[in-house]
Amino acid sequence: MDNMGADQGVPGLVSVIIPAFNEEASVDKLHVEILDVFAGLDRDVEIIFIDDGSSDATPEHLRTLCAGHQMTRLICFRRNFGKAAALDAGFNVARGEIIFTMDADLQDDPAEIPRFLEALDSGLDVVSGWKHQRNDPLDKTLPSKVFNGVVGHLSGVSLHDFNCGFKAYRSKALAGLRLYGELHRFIPVILHWQGFRIGEIAVNHRARQYGKSKYGMGRLFKGGLDFLGVMLNTRYATRPLHVFGGAAFLFGGIGFAILSYLTVLWFVGAGPIGDRPLLMLGILMVMTSFQFVTIGLLGEFIQHQGADRKRYTIRSVTNFEDGQMTPELSRKLRDAATMMKEVQSAWTQQQSGTTQPSATSQSTPTRTRSTG
């Protein structure tokens, strides 16, 4: 059982994680805006900047901010590792019970933070921003709409904007989460399949004031590949044969139809079929189908070997004194029970071997002598 309560964060503390790459013109202003927002809230805040290998003066600006504000922290990467790595590093050091992520380019408006907190207070575990009125060029908005539609339909997560970096999480939802590649876009999908409650709010999206976008059309291709990996490791994590079996059924069905058609032609004497390219296509489809079935069976075998790994998350427990029934504590309790049985057995043997008083000593009367 999980160590319930170990990942709740510091009560009343909010962590704001901000990846930054060549944002020297905006980080100072963003820092001031965040502090102004929390000055009116009954919550403490720590601001965690992750410099993702900037080549401009961004690290120097961030070190100056840290020197003037004790709760502003900084992680500097040796080179540019990407946004997923930056967020992963921030999640590992964040101490707040609520964790925000936002971009450093000032397009995310810190004034929306209270609305995120209200949504979390309504019972959600994750709140994602939705750039309803997006101030970006068409070459960014159009591919994003297509991407969001496909991901939402296939994942079952009803969000309008998976690409929005402005999100809020309860710290317990991020416990054990590991990010790489482009997985930061699919955090809501991963957490949804772990049983956490996901919601979204429309947020103010400001036009970019400084610098230029770090993302191009290539992110759609990489994001698509990562999404396939996410789907395989969430929806089909415990049943790989279903996804590979579906592909096998598709290819096998096409191959069987082609070969059946050629067989009918051969029986009715419509000419030889051995020199037809359609025959090779049918055979190829059937062979591909068998390959997919084999891959699915191997996946099932691997899944069975790792079936002892926990694939569920626990929201709460009842009638456990403090929810601390960890595997280590369970082992100690078993060892203690074994020791008690050994002690009881030794005590029983000792009692059964005690010498009983003789009959002569029991029948001899006791004599008293008077001294009077």
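Enquirer: Explain the sheet that holds strand β7 (residues 198-202) here, please?
Expert: Paired through their backbone hydrogen bonds, the strands of a sheet run either parallel or antiparallel. Taken together, 7 strands build an open sheet; the order of strands is β3-β2-β1-β4-β6-β5-β7 and the sheet is mixed. Each end of this open sheet is capped by a strand with a single partner; those strands are β3 (72-76) and β7. For this sheet, the mean angle separating the axes of adjacent strands, direction not counted, is 20 degrees. The strands touched by helix α1 (residues 27-39) are β1 (10-20), β2 (44-51) and β3; relative to β2, the strand with the most contacts, the crossing angle is about 165 degrees. Contacts from helix α4 (residues 113-121) reach β4 (96-101), β5 (126-130), β6 (167-170) and β7, with the element oriented near 140 degrees to β5.

Enquirer: What is the right way to read the pattern of salt bridges from this model?
Expert: For side chains bearing opposite charge, pairing can occur when the charged atoms are close. Under the counting rule described, the total for this entry stands at 10 salt bridges. Here R206 and E33 are joined by a salt bridge, their closest N and O atoms 3.0 Å apart. Of this pair, R206 sits in the loop between β7 and α8 (218-233) while E33 is found in helix α1, placing the two residues 173 residues apart along the sequence. E33 matches R206 in its accessibility class, with the two residues each being buried. Put simply, D109 and R206 hold a salt bridge, and the shortest N to O gap is 3.6 Å. Taken as a pair, D109 in the loop between β4 and α4 and R206 in the loop between β7 and α8 lie far apart in primary sequence, 97 residues in all. Judged by relative accessible area, R206 falls into the buried class, the value being 18%. Salt bridges sharing partners connect three or more residues here, namely E33, D109 and R206.

Enquirer: Honestly, helix α2 (residues 58-68) in this entry has me stumped. Any pointers?
Expert: Inspection of α2 places T58, P59, L62 and L65 among the buried residues, and these make up the whole buried set. Down the axis, α2 shows its buried residues gathered within 120 degrees of arc, on one side only. Those residues of α2 that are exposed and aimed more than 90 degrees away from the buried face are T64, A67 and G68. The elements touched by buried residues of α2 are β1, α1, β2 and β3.

Enquirer: Would you take a moment to explain the confidence of the model for the chain for this structure?
Expert: On average, residues of the chain score 80 in pLDDT, and 74% of them are at 70 or above. Low pLDDT, under 50, characterises residues 1-6; the predicted model gives this stretch 18 contacts beyond four residues in sequence or across chains.

Enquirer: Would you take a moment to explain the pairing of β3 for this structure?
Expert: Where β2 meets β3, 5 bridges bridge the pair, whose relative direction is parallel. The residue of β3 that forms the bridge with I48 is R73. Read as a crossover between parallel neighbours, the route from β2 over α2 to β3 is right-handed.

Enquirer: Any chance you could explain the packing of aromatic side chains here in plain terms?
Expert: Applying the stated criterion across every chain yields a total of 7 aromatic pairs. For the ring pair F100 and F116, a centre distance of 5.6 Å and an interplane angle of 80 degrees mean the geometry is edge-to-face. Placement of the pair is F100 in strand β4 and F116 in helix α4, with a sequence separation of 16 residues. A relative accessible area of 0% places F116 in the buried class.

Enquirer: I would appreciate a short explanation of unusual backbone geometry in the present structure.
Expert: For residues besides glycine, phi is generally negative; the peptide bonds are generally trans as well. For N22, which is not a glycine, the phi torsion comes out positive at approximately 55 degrees. A relative accessible area of 24% places N22 in the partly exposed class. Notably, L106 is not glycine yet its phi reads approximately 75 degrees, a positive angle. Tracing the backbone shows L106 in the loop between β4 and α4.

Enquirer: Can you walk me through the pairing of β5 in this structure?
Expert: Here is the key point about a regular strand: its side chains alternate between the two faces of the sheet. With respect to burial, β5 is a largely interior element, 4 of its 5 residues being buried. Inspection of the sheet shows β5 paired to β7 by 5 bridges, in the parallel sense. Residue pairing in the sheet places G129 in a bridge with I201 of β7.

Enquirer: Explain the side chain of T58 to me, please; I cannot follow it from the model alone.
Expert: If you trace the backbone, T58 turns up in helix α2. Judged by its relative accessible area of 0%, T58 is buried. In this structure, T58 is in contact with A20, N22, E23, E24, V27 and D51, ignoring residues within four places of it in sequence.

Each value, and the rule that gives it
Residues numbered from 1 in each chain as written. Predicted model: local features only at pLDDT ≥ 70, side-chain atom pairs only at ≥ 80, totals over all residues. Heavy atoms only, no water. Pairing = 2+ DSSP bridges. Helix = DSSP H or I, 4+ residues; strand = E, 2+ residues; numbered from the N terminus. Axes fitted to C-alpha atoms, helices over the stretch in contact; angles between N-to-C directions. Contact = heavy atoms within 4.5 Å. Salt bridge = Lys/Arg side-chain N within 4 Å of Asp/Glu carboxyl O. Buried < 20%, exposed > 50% of the residue type's maximum accessible area, 1.4 Å probe, protein only. Arc of directions from axis to C-beta. pLDDT = per-residue confidence, 0-100. Right-handed = clockwise from strand over helix to strand, strands pointing away. Phe/Tyr/Trp six-rings, centres within 6.5 Å; stacked < 30°, edge-to-face > 60°.

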